[in-house]
Amino acid sequence: VREVGGTGNNMGILRLVSSLAGAPMFWFSGPMTEALGNDVVLVLSLLAYVARFLNYAWMKHPYHALPAEALRGITFAMFWSSGSMYAHKISPPGMKATMLLTMNAMYGGL
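Residues numbered from 1 in each chain as written. Predicted model: local features only at pLDDT ≥ 70, side-chain atom pairs only at ≥ 80, totals over all residues. Heavy atoms only, no water.

## What to know about the overall build of the protein
Alright, step 1. When helices and strands are counted, the protein shows four helices and zero strands.
Alright, step 2. The secondary structure elements of the protein, listed N-terminal to C-terminal, are α-α-α-α.
Alright, step 3. Seen through its C-alpha atoms, the protein measures out along the principal axes to roughly 50 × 30 × 20 Å.
Alright, step 4. Counting all 110 residues of the protein, 33% fall into the buried class. (Helix = DSSP H or I, 4+ residues; strand = E, 2+ residues; numbered from the N terminus. Buried < 20%, exposed > 50% of the residue type's maximum accessible area, 1.4 Å probe, protein only.)

## Considering a nonpolar patch on the surface
Alright, step 1. Taken together, the side chains of Leu36, Val40, Val43, Leu44 and Leu47 define a hydrophobic patch exposed on the protein surface, amounting to about 420 Å² of accessible area.
Alright, step 2. Ranked by residues supplied to the nonpolar patch, first place goes to helix 2 (residues 38-58) with four residues.
Alright, step 3. Following the sequence through the fold, Leu36 ends up in helix 1 (residues 8-36).
Alright, step 4. The exposure class assigned to Leu36 is partly exposed, which follows from its relative accessible area of 44%. (Patch = residues over 30% accessible without salt bridge, like charges linked within 9 Å, V, L, I, M, F, W, Y side chains within 5 Å. Areas by Shrake-Rupley, 256 points an atom, 1.4 Å probe, with all protein chains shown as cover. Salt bridge = Lys/Arg side-chain N within 4 Å of Asp/Glu carboxyl O.)

## Some words on the side chain of Ser18
Alright, step 1. Position of Ser18 relative to the elements: it lies in helix 1.
Alright, step 2. Overall, Ser18 belongs to the buried group, its relative accessible area being 1%.
Alright, step 3. Each residue touching Ser18, except ones within four places of it in the same chain, is listed here: Glu69, Arg72 and Gly73. (Contact = heavy atoms within 4.5 Å.)

Printed below as a string of structure tokens:
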């Protein structure tokens, strides 16, 4: 965002948009994952990430990032919720917390 002339205020507004879009999605991601399945939701999330990154690559003005940031909130909520559900589903008995910890470590870049 700074590369196209964005300020700290622009970045704050973009982060707000991302948070406002993501918060309700955490609520709806569980039923969505149950309806569509983990695999479909994860693929949709990854495709949305591609759209976000293309938007960032082509933007010319700081506020062109608004759709990407709104999508960020949605995609992160979808990815994280369905990923957590999948990790819970495939973990061996007694290892659910360890599997979630491993997923969190991988996402965080450990």
